[in-house]
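# What the coordinates show
What follows is the residue order along each chain.
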Amino acid sequence: MTIQTVASRPFLDQKPGTSGLRKQVSVFKQPHYLENFVQSIFDSIGPLSGQTLVLGGDGRYFNRQAIQIILKMAAANGVGRIKVGKSGILSTPAVSCVIRKYNALGGIVLSASHNPGGPNGDFGIKYNISNGGPAPEKITDAIFARTQVIDRYSILSALDVDLDRLGETQLGGMTVEVIDAVADYQALMESLFDFDRIHTLLASGSFRMCMDSMHAVTGPYAHGIFETRLGAGLGTVQNGQPLEDFGGGHPDPNLVYAHDLVERMFGIDPLDFGAASDGDGDRNMILGSRFFVTPSDSLAVLAANATLAPGYKDGIAGIARSMPTSEAPDRVAAKLGIDCYETPTGWKFFGNLMDAGKVTLCGEESFGTGSNHIREKDGLWAVLFWLNILAVKQQSVEQIMRAHWQTYGRNYYSRHDYEGVESDRANTLITQLRGATSSLKGKKFGSREVAYSDDFSYTDPIDGSVSTKQGVRIGFTDGARIVYRLSGTGTQGATLRLYVESYEADVAKHAQDPQDALGDLIAIADEVAKIHALTQMEKPTVIT
Ligand code: VG1
Ligand code: CO
């Protein structure tokens, strides 16, 4: 086995987005493309000698090949040990868990999350640091800078490693340890939630649930935890076999893409509880019988009921939510007398707050919820948390949600995505909006008056780093908000995200359809940004 040094030239488009580098498979398959990025990671994270790294992916097309390349490059770069998930599978939360449990230097996750997979789909790679969380901008900026000048990479000439057999093998001077993908993660979940109580609920026969893994990474985790350990019975998990192309689907757990689940939960004879997770297992959607829980409300409910789960029985230190997420969690924090932090979009902004002990629960409107048990959002964790609450309260999802609104009021909320917008048009829209924000204050739209308008900027309270241009927001005097931003995870054209929120204290008005309750705000959002004229799209592609 010899170490080869391969001459290479920079690819100029390797700038990580909201969550790592995501490109079409055809881009990743160009000679040296993956290798350049991996070498840039290795060159940016300090001495590797004797260090442990964690490696795994969501099982999408190109996962196995990429893992073999990365193993050989890690060996050539002096890494001491790599823990890799069996068959190359590890969910994003499992990688975070394993990094923390074994004090690894960091980990590499191969995933484009909710983006479609297969030869014509997307692939992605992200680096997580020793706290188990996504690399902060300081590190992703360093990796990007390295990609711009890289002229060689190192790789071991060796046979492929057998990824389907548990145990250790040597690759040059490096030990490759193929680990059970589920065991460490399941043990962590068991330490947080009342598995006995959830078992009693699920095995009772009177409570029926469905977990839709959308042919993505959580399949093995969900089979093991819900069916085998918690007695929910075979068939509880649907689409539980990870497939390289996710069965042709879009592994995004929302009302549009998780249609198999939606049919069961909103059809005749609906189940009591339904949940879905995304490509890499860090997102979740929670449904009750003919009832949808918005992710923002889900975070608020978990915070309000946290002490019902053993892992949080002493209460929570604080909450953090991304800026476009609704203010429902803020109301719970206020009542609990704890802080609620507002960060830019992307889980990397929560890491410092959790490390400093300032927050316990975090969430994003995009179906991401999690806590300081790891440093990533965690889909199955959220599902288990809900089950723990349901098992204790013995109420339906809808009853819990309605009681919550009764106490705190309801934050009507919706996100409209305009996917596949031509990049120039999307950039024009945002640039014009930025220009308009300064003159909006005091302006009246129907009964609403603008209280403030700006492009969100965040100063990290722990390390002082500043992140600018994180989304244009318009706040009204009655607390309603409109937010616009461009997606940082897409691979083709641009995606405009419009977020609208309006607070309603009156219980008698809590049964409206959010699209109706938010109708005037949606119209104002278009009037201000000229969405339809500029995108040339009649309506959003996805509404959640
Ligand atoms: C989206 C979501 C964001 C999330 C990110 C990564 O980003 O809006 O909340 O953190 O995806 O999640 P963007 O830039 O497209 O809006 V995942 O599950 O795709 O790793
Ligand atoms: Co994801």
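Since the structure is predicted, the reported quantities are computational estimates derived from the model, not experimental observations.

## Concerning the coordination of the cobalt ion (ligand 2)
Metal coordination angles have textbook ideals: 109.5 degrees for a tetrahedral set of four donors and 90 or 180 degrees for an octahedral set of six. Looking at the metal site, the cobalt ion (ligand 2) is ligated by Ser113 (OG), Asp278 (OD), Asp280 (OD) and Asp282 (OD), spaced 2.0 to 2.1 Å from it. Read in sequence order, the donor residues for the cobalt ion (ligand 2) give the motif S-x164-D-x1-D-x1-D. Separated by 165 residues along the polypeptide, serine 113 in the loop between strand 5 (106–110) and strand 6 (122–128) and aspartate 278 in the loop between strand 12 (273–277) and strand 13 (284–288) bring together distant segments of the chain. In terms of burial, serine 113 and aspartate 278 fall into one category: buried.

## Things to note about the sheet that holds strand 27 (residues 542–543)
The 7 strands are arranged 20-21-24-25-26-19-27 in an open sheet whose pairing can be described as antiparallel. On the outer flanks of this sheet lie strand 20 (444–445) and strand 27, each paired with one strand and no other. Across 6 bridges, the pairing between strand 25 (residues 481–486) and strand 26 (residues 494–504) is antiparallel. What sits directly across from valine 483, in strand 26, is tyrosine 499. This element, helix 15 (residues 423–437), spans strand 19 (410–421), strand 21 (448–455), strand 24 (472–476), strand 25 and strand 26 of the sheet and lies at about 140 degrees to strand 25.

## As for the domain arrangement of the protein
Here the domain parsing of the protein yields domain 1 (2–181), domain 2 (185–408) and domain 3 (410–543). In this structure, domain 1 and domain 3 have C-alpha centres spaced 36 Å apart. At the interface, 10 residues of domain 1 touch 7 residues of domain 3. Summed over both partners, the interface of domain 1 with domain 3 buries about 610 Å², with 37% contributed by carbon and sulfur atoms. Summed over the shared surface of domain 1 and domain 3, the number is 0 salt bridges. Counting across the domain 1 and domain 3 interface gives 2 residue pairs in polar contact (both at pLDDT 80 or more). For the side of domain 1 that touches domain 3, the element with the highest residue contribution is strand 2 (residues 21–24), accounting for 3 residues. Considered class by class, the residues forming the side of domain 1 that touches domain 3 number no nonpolar, 6 polar and 4 charged.

## Some words on the nonpolar core
Grouped together as the largest cluster of nonpolar side chains are 70 residues, with contacts concentrated most on Phe193, Phe226, Phe273, Trp381, Phe385 and Leu387. By residue number, the principal contributor to this core is helix 13 (residues 379–393), which donates 11 residues. In contact with phenylalanine 385, not counting residues within four places along its chain, are Phe193, Leu302, Asn305, Ala306, Ala309, Tyr312 and Leu361. Ranked by size, the runner-up nonpolar core spans 47 residues in total, among them Phe11, Phe62, Ala74 and Val161.

## Regarding the packing of aromatic side chains
Taken as a whole and judged by the stated rule, the model has 16 aromatic pairs. Arranged with centres 5.3 Å apart and planes meeting at 55 degrees, the rings of phenylalanine 193 and phenylalanine 385 form a pair that is tilted. Within this pair, whereas phenylalanine 193 is found in the loop between helix 6 (183–192) and helix 7 (195–203), its partner phenylalanine 385 is found in helix 13, the two being separated by 192 residues in sequence. For the ring pair tryptophan 347 and phenylalanine 350, a centre distance of 4.6 Å and an interplane angle of 80 degrees mean the geometry is edge-to-face. Looking at tryptophan 347, the relative accessible area reads 4%, which means it is buried. Site record: aromatic cluster; members linked through ring pairs are Phe11, Phe28, Tyr33, Phe62 and Phe123. Above the face of the tyrosine 102 ring, lysine 83 is positioned so that its terminal group lies 3.8 Å from the ring centre. Here the guanidinium or amino end of arginine 410 rests over the ring plane of tryptophan 405, the centre of that ring lying 3.9 Å away.

## A few points about helix 11 (residues 328–336)
Taken together, the buried positions of helix 11 are occupied by Ala328, Pro329, Val332 and Ala333. Along the axis of helix 11, the buried residues cluster in a sector spanning 140 degrees; they form a single face. Summarising the geometry of helix 11, the exposed residues directed more than 90 degrees from the buried face are Ala334 and Lys335. Elements that come into contact with the buried residues of helix 11 comprise helix 10 (295–304), strand 15 (318–322), strand 16 (339–343), helix 14 (397–408), strand 19 and strand 26. One or two residues past the end of helix 11 sits glycine 337, with phi positive at roughly 70 degrees.

## Re the side chain of glutamate 504
The topology assignment puts glutamate 504 in strand 26. Although glutamate 504 lies buried, it forms no salt bridge, and the closest oppositely charged side chain, lysine 509, sits 4.7 Å away as judged by the N-O distance. Engagement of the side chain of glutamate 504 in a polar contact is seen with the backbone nitrogen of aspartate 506, the distance being 3.1 Å. If we skip the residues at most four places from it in the chain, glutamate 504 touches Gly409, Arg410, Tyr412, Lys509 and His510.

## Side note on helix 8 (residues 219–229)
Those residues of helix 8 that fall on the buried side of the exposure criterion are Gly219, Tyr221, Ala222, Gly224, Ile225, Phe226 and Glu227. Tucked inside the fold, the buried residues of helix 8 contact helix 4 (92–101), helix 6, helix 7, strand 10 (209–212), strand 11 (237–238) and helix 13. Looking one or two residues beyond helix 8, the residue adopting positive phi is glycine 231, at roughly 70 degrees.

## Concerning unusual backbone geometry
Although it is not a glycine, asparagine 239 sits at a positive phi angle of roughly 50 degrees. Relative to the helices and strands, asparagine 239 resides in the loop between strand 11 and helix 9 (259–266). Unlike most non-glycine residues, phenylalanine 367 shows phi in positive territory, near 70 degrees.

## Structural notes on the environment of threonine 477
Mapped onto the elements of the fold, threonine 477 is located in the loop between strand 24 and strand 25. When the C-alpha atoms of threonine 477 and serine 366 are compared, they prove to be 26 Å apart, with 111 residues separating the residues in sequence.

## What to know about the site of ligand 1
Thr18, Ser366, Gly488, Thr489 and Arg497 are the nearest of the 21 residues found near ligand 1. Interatomic distance of 2.7 Å between a side-chain N/O atom of serine 113 and an oxygen atom of ligand 1. Within the side chain of lysine 377, an N or O atom sits 2.9 Å from an oxygen atom of ligand 1. Here the residues of the shell around ligand 1 sort into no nonpolar, 10 polar and 11 charged.

Definitions and cut-offs
Residues numbered from 1 in each chain as written. Chains lettered and ligands numbered in written order. Predicted model: local features only at pLDDT ≥ 70, side-chain atom pairs only at ≥ 80, totals over all residues. Heavy atoms only, no water. Donors = N, O, S within 2.8 Å, 3.2 Å for Na, K, Ca; no water. Helix = DSSP H or I, 4+ residues; strand = E, 2+ residues; numbered from the N terminus. Buried < 20%, exposed > 50% of the residue type's maximum accessible area, 1.4 Å probe, protein only. Pairing = 2+ DSSP bridges. Contact = heavy atoms within 4.5 Å. Axes fitted to C-alpha atoms, helices over the stretch in contact; angles between N-to-C directions. Domains from an automatic or database assignment. Buried area = accessible area lost by both parts, 1.4 Å probe. Salt bridge = Lys/Arg side-chain N within 4 Å of Asp/Glu carboxyl O. Polar contact = N/O pair within 3.5 Å; in protein donor to acceptor, adjacent residues only side chain to side chain. Nonpolar A, V, L, I, M, F, W, Y, C, P; charged D, E, K, R; others polar. Core = buried A, V, L, I, M, F, W, Y, C linked by side-chain atoms within 4.5 Å. Phe/Tyr/Trp six-rings, centres within 6.5 Å; stacked < 30°, edge-to-face > 60°. Lys NZ or Arg CZ within 6 Å of the ring centre and 35° of its normal. Arc of directions from axis to C-beta. Lys, Arg positive; Asp, Glu negative; His and termini not counted. Near = heavy atom within 4 Å.

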